[in-house]
Amino acid sequence: MVLIQVALDLVELDRALLIAQEAVLGGADWIEAGTPLIKSEGMNAVRKLREAFPGKTILADMKTMDAGAVEVEMAAKSGADVVAILGRADDAVISESLESARKYGVRLMVDLISVDDPVARSQELVALGVDLINVHVGIDQQMTGKSPLETLAQISKEIDAEIAVAGGLKPETARNAAAMGAGIVIVGSYIIHSDNVTQSAKEIRQAVDNAGSVPDSGKKSQEDEIFEIFWRVSSSNISDAMHRKGAMCGISTLFPGRKIVGRAVTVRTLGGDWAKPVEAIDLCGKTDVLVIFNSDRNIAMWGGLATKTAVNRGIAGLVVDGAVRDMHEIKTFDLPVFAANVVPNAGDPKGLGEINCEITCGGQIVNPRDFIVADDSGVVVIPKERAYEIARRSEEVWKKEKRISDEIDKGKSMSSVLELLKWEKQK
Ligand SMILES: O=C([C@H](O)CO)[C@H](O)[C@H](O)COP(=O)(O)O
């Protein structure tokens, strides 16, 4: 049977204990004191998990890189059954950790995160005598699109040892991991940030229990995944994920409730000249957003007729660092419009400017094909090269906020959920 390990990558111990309980109800076999929890609460996290779950296997994710013997000893004496250290550590650290593991009666798991040649290193580790190998892609690496499954496929053919796998697993990927021969499926985010922890753990349970031995190759494209996530999250979530960067200034929705998710077709034009913006409509597809910079915010370069053409073409929306007019007509369509100003006077079609060049719009640089997400809070630009990473990170922000919001619904204050006092900078 494939085992499920819930990774408690949280910083609040009380919440971690609660989530562990709910995950066990959903079918989790092993409970991991995640590295963030250990850094926040120390070995007390392991002790408390041991006390609360006497019959369960507790893993301490120490991520040890040095002083292996003492770190394994600490975890073992606190009640861990399995201790995880890093495969990048020197062989001397691995050997010392193994000695300590044998002495204190715990099993040693070695994590392959960021190891250059995972197959060769796992063979060396098995030869050294480690008990379990963890094929792991870390949280920050996952955001760039890395998955542990390719490495798992290689390693499971090459080594004869118990293999665990971790790194952003969800039911589909957990199922594939089990089908590829993983004996322990480690899941953090999918379970611990869920609004129904027990249900999410059950989904993983079912997926691995029905895995069979043939992995399912049906994979969504990265582009589809990006769109799916950007529709789910808000511009505020994305701005948080980008460390407060990417938000346009002085441009807001003209029709609250309408959202844009799309890729930029850019236009730069001058003094209310509306020729290039109108020509650009004909270049847009259904997932494209016209993003226009006009040098004068007091002369409209967009109105009712342009809107009608854009709607016929089916474009995703309009973002204008400049002015629009004919609000009585524009509002009769569904097109999401974000602009800096609304005025009645129009400019002339002179043909000045460029289409699909780099522009600055609302103070942000926008390049053709960059992603644009706009909603009632404003407009954010996501450079195309980082779109997948930012989508994944914004999804994490969204999940975290959802979790805090659920706690507030249950009567807690925001300050207590976030343990603000505990995390204030110490003088
Ligand atoms: O080990 C982990 C990570 O490095 C943070 O400590 C996670 O527990 C592991 O990656 C599983 O979590 P998810 O990737 O969120 O499923």
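Cut-offs used in this document
Residues numbered from 1 in each chain as written. Predicted model: local features only at pLDDT ≥ 70, side-chain atom pairs only at ≥ 80, totals over all residues. Core = buried A, V, L, I, M, F, W, Y, C linked by C-beta atoms within 7 Å. Buried ≥ 20, exposed ≤ 12 C-beta atoms within 10 Å, placed from the backbone. Contact = placed C-beta atoms within 7 Å. Near = placed C-beta within 6 Å. Helix = DSSP H or I, 4+ residues; strand = E, 2+ residues; numbered from the N terminus. Nonpolar A, V, L, I, M, F, W, Y, C, P; charged D, E, K, R; others polar. Axes fitted to C-alpha atoms, helices over the stretch in contact; angles between N-to-C directions. Parallel < 35°, antiparallel > 145°, perpendicular 65-115°, else oblique. Left-handed = near helix turned anticlockwise from the far one by under 90°. Pairing = 2+ DSSP bridges. UniProt positions renumbered as here; feature names shortened; annotations may be inferred. Domains from an automatic or database assignment.

## Let's talk about the nonpolar core
And step 1. Formed by 73 residues in total, the largest nonpolar core has its most connected members in Val6, Leu8, Ala60, Val83, Ala182, Val185 and Val187.
And step 2. Setting aside residues no more than four positions away along its own chain, leucine 8 makes contact with Ala16, Ile19, Ala20, Ile31, Glu32, Ala33, Gly34, Leu37 and Ile192.

## Things to note about the site of the ligand
And step 1. Around the ligand lies a shell of 18 residues, among which Ala7, Thr35, Ala166, Gly188 and Ser189 are the nearest.
And step 2. Elements represented by at least two residues in the shell around the ligand include exactly helix H2 (35-41), strand S8 (184-187) and helix H10 (189-192).
And step 3. Looking at the shell around the ligand residue by residue, the classes come out as eight nonpolar, eight polar and two charged.

## Comments concerning unusual backbone geometry
And step 1. If you check the backbone angles, alanine 67 has positive phi at about 50° while not being a glycine.
And step 2. Within the secondary structure, alanine 67 is located in the loop between strand S3 (57-64) and helix H4 (68-77).
And step 3. Exposure remark for alanine 67: the 14 C-beta atoms within 10 Å place this residue in the partly exposed category.
And step 4. Its identity is not glycine, yet arginine 369 carries a phi of approximately 80°, on the positive side.
And step 5. Secondary-structure assignment places arginine 369 in the loop between strand S16 (364-366) and strand S17 (371-375).
And step 6. Overall, arginine 369 belongs to the partly exposed group, with 15 C-beta atoms counted inside 10 Å.

## Notes on the packing of helix H1 (residues 13-25) against helix H11 (residues 197-209)
And step 1. Running from amino to carboxyl end, H1 crosses H11 at an angle of 45°, the nearest separation of the two axes being 7 Å. As judged from the angle between their axes, H1 and H11 are oblique. Here H1 and H11 pass one another in a crossing that is right-handed. Together, Ile19, Glu22, Ala23 and Leu25 of H1 and Val197, Thr198 and Ala201 of H11 make up the contact between the two elements.
And step 2. Tallied by class, residues from the contact of H1 with H11 come to five nonpolar, one polar and one charged.

## Notes on the sheet that holds strand S7 (residues 162-166)
And step 1. An order of S1-S2-S3-S4-S5-S6-S7-S8 is seen for the eight strands of this closed barrel, with the pairing classed as parallel. Here the average twist between neighbouring strands, direction ignored, is 25°.
And step 2. The pairing of strand S2 (residues 30-33) with S3 spans four bridges and is classified as parallel. Its bridge partner being in S3, glutamate 32 is matched across the sheet by leucine 59.

## A short note on the UniProt feature "domain: Orotidine 5'-phosphate decarboxylase" (unreviewed entry) in the chain
And step 1. Following the UniProt record, one finds the feature "domain: Orotidine 5'-phosphate decarboxylase" (unreviewed entry) at residues 3-204.
And step 2. Here residues 3-204 runs as 49% helix and 21% strand, with 10 Å between its end C-alpha atoms.

## With respect to the domain arrangement of the chain
And step 1. Assigned domains within the chain: domain 1 (3-218) and domain 2 (227-388).
And step 2. On a C-alpha basis, the centroid separation for the pair domain 1 and domain 2 is 45 Å.

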